[in-house]
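# Secondary and tertiary structure notes
If you want the building blocks of each chain, they are given just below.
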Amino acid sequence: MTSPRQSWARAERLDAARLIDALHLQTGVRLTLDGPCPGGQVGAAYVRWPDDHRSVLKWRPHSQAEGMQAGPLAVAEVLRLAGYPAPATELVAQIGHAVVMVQELLPGTKADHLDHRGLDQALELNRMQADRLADRPDIPTVALHLRQDGSGYCLHGPLRRHNRRSAALERRVAAVGSDHPPELAGQDAVHVDFQPGNMLTTDGSITGVVDWDGAARGDRRFDLVTLRFGIHAKGTDPGVTQRLDAVLDSLPVDVLRPVWAHMSLRMVDWAIRHFTPADVEHWLDLAEQRVS
């Protein structure tokens, strides 16, 4: 049985016009709103600089600019300098409780659909992330939140209270957390939300990977599990899912098990708080394939 719908906290949406005004007051830079970016759960917007070049306005609620610059933005910059198609950050400011960022507008349109060529490119990009942070021990490590809530995501309470199935999943996630460290060790660059909706393509080639707001140090194979969850709600060519599952089958259990538990918690929690009961069941179907 499903419990009555709770008034769970939802993600705050970007108010681009307000943030553009706040940026002008704080930095003196006057940007012009050019419209919303497609997709995304929190929102991003196209903006135009006084010299007429276009960029992307993003925000990270309940964050600190210093932490973003020392963590996620540093990860993206390390990769960008190595030739990885990550955007440059052009402006960062603290506006109230949020970090506001203006980033390079990369070429291409959101992929959404993953074909075999796209999977090949995604796997190659993932290999490029290996050992990129070997000399950056200062960058924080990916936290898994298997026993305690994350900040605004990976909340355990919604699973415990939604229905028996989600509560059983939460217990299994917590059990995995008892068996594994709270962070995923490694010296790779980890995107954390490496999925087709964050990939830009032109004529079938990946021209950009965006939305590095949660990026951290750890094991790059985290992103392969994220990709598997990302294609669960998207279209793929026949055989793509099976190929990616075969890659996951080859991962060490001490990587696959805690990361799968993390993604299960993350996606089911988000669905409970933002989508329909049918969406929750959709994510539970995937989560239960490997959480044990």
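Every chain begins its residue count from 1, and numbering advances along the sequence as written. Where totals are concerned, whole chains, interfaces and linings use all residues; where local detail is concerned, this predicted model gives features only for residues with pLDDT of at least 70, and gives and counts side-chain atom pairs only at 80 or more. Derived side-chain values reflect all non-hydrogen atoms in the structure, with water molecules and hydrogen atoms excluded from consideration.

### What about the overall build of the protein chain?
- Within the protein chain, the secondary structure is distributed over ten helices and ten strands.
- Here the globule rule reads 2.2 Å times residues to the power 0.38, and the radius of gyration is calculated from C-alpha atoms. Since a compact globule built from 292 residues should have a radius of gyration of about 19 Å, the 19 Å found for the protein chain is in line with a globular shape.
- For the protein chain, the spread of C-alpha atoms along the three principal axes comes to 55 × 40 × 40 Å.
- For every residue, the accessible area obtained with a 1.4 Å probe (protein chains only) is divided by the maximum for its type, and the residue is called buried under 20%, exposed over 50%, and partly exposed between those limits. Across the 292 residues in the protein chain, those meeting the buried criterion constitute 49%.
- Here, two residues are considered to be in contact whenever any of their heavy atoms come within 4.5 Å of each other. Restricting the contact set of the protein chain to residue pairs at least 6 apart, pairs at least 24 apart contribute 75%.
- Here the positive residues are Lys and Arg and the negative ones are Asp and Glu; neither His nor the chain ends is included. A charged residue contributes its charge at one atom only: NZ of Lys, CZ of Arg, CG of Asp or CD of Glu. Side-chain charges in the protein chain split into 32 positive and 37 negative, and the spacing between the mean points of these groups amounts to 5 Å. Each helix is a run of DSSP H or I of at least 4 residues and each strand a run of E of at least 2, with the numbering of both proceeding from the N terminus.

### Some points on the pattern of salt bridges
- For this document, the term salt bridge refers to a Lys or Arg side-chain nitrogen within 4 Å of an Asp or Glu carboxyl oxygen. Under the defined criterion, the tally for this structure stands at 21 salt bridges.
- Here Arg 48 ties to Asp 34 by a salt bridge, and the two come within 2.8 Å at their closest N and O atoms. Of this pair, Arg 48 sits in strand β2 (residues 45-48) while Asp 34 sits in strand β1 (residues 32-36), and the two are 14 residues apart along the sequence.
- The partly exposed category is assigned to Arg 48, whose relative accessible area is 24%.
- Taking the shortest distance from any N to any O, the salt bridge between Arg 228 and Asp 245 comes out at 2.7 Å. Taken together, the positions of Arg 228 in helix α7 (residues 222-232) and Asp 245 in helix α8 (residues 240-249) put the pair 17 residues apart, joining distant regions of the chain. Each member of the pair, Arg 228 as well as Asp 245, carries the same accessibility label: buried.
- Connected through salt bridges with shared partners, the residues Asp 34, Arg 48, Asp 52 and Arg 54 form a single ionic network.

### Digging into the sheet that holds strand β6 (residues 109-110)
- With respect to topology, three strands assemble into an open sheet ordered β6-β8-β9, the strand pairing being antiparallel. Two strands in the sheet have a free side with no partner beyond their single neighbour: β6 and β9 (205-209).
- Two strands form a pair only when DSSP identifies at least two bridges running between them. Strand direction decides the pairing type here: strand β8 (residues 199-202) and β9, joined by four bridges, are antiparallel. By the bridge assignment, Thr 202 is partnered in β9 with Ser 205.
- Contacts between helix α4 (residues 116-128) and the sheet are confined to β8 and β9, with β9 contributing the most and set at about 45 degrees to the helix. For helices, the axis comes from a line fit to the C-alpha atoms of the stretch in contact; other axes are also lines fit to C-alpha atoms, and the angle between any two N-to-C directions lies between 0 and 180 degrees.

### As for the packing of aromatic side chains
- Stacked, edge-to-face and tilted are the three classes for Phe, Tyr and Trp ring pairs, Trp counted by its six-membered ring, which pair at centre distances within 6.5 Å; planes under 30 degrees apart are stacked, over 60 edge-to-face, the rest tilted. For the structure on display, the rule yields three aromatic pairs.
- Considering the side-chain rings of Phe 229 and Trp 283, the 6.3 Å spacing of their centres and the 10 degrees angle between planes classify their relative orientation as stacked. On the criterion of sequence distance, the pair formed by Phe 229 in helix α7 and Trp 283 in helix α10 (residues 277-287) is long-range, its members being 54 residues apart.
- On the basis of relative accessible area, Trp 283 is assigned to the buried category, the value being 10%.
- Taken together, the ring pairs connect Phe 229, Trp 260 and Trp 283 into an aromatic cluster.
- Placement of a charge over a ring requires the Lys NZ or Arg CZ to be within 6 Å of the ring centre, with the centre-to-atom vector within 35 degrees of the ring normal. Here the guanidinium or amino end of Arg 54 rests over the ring plane of Tyr 46, the centre of that ring lying 4.7 Å away.
- Geometry around Trp 260 places Arg 290 over its ring, the cationic atom sitting 5.2 Å from the centre.

### What about the nonpolar core?
- In terms of nonpolar packing, the biggest core is built from 60 residues, with Trp 212, Val 225 and Leu 227 touching the most fellow members.
- The dominant element in this core, judged by the number of residues it contributes, is helix α9 (residues 253-274), at eleven residues.
- In this structure, Leu 14, Ala 16, Leu 23 and Val 47 belong to the second largest nonpolar core, which totals 18 residues. Buried residues of nine kinds, namely Ala, Val, Leu, Ile, Met, Phe, Trp, Tyr and Cys, make up a nonpolar core once their side-chain atoms join them within 4.5 Å.

Everything listed here is a matter of coordinates, which is why it stays silent on function.
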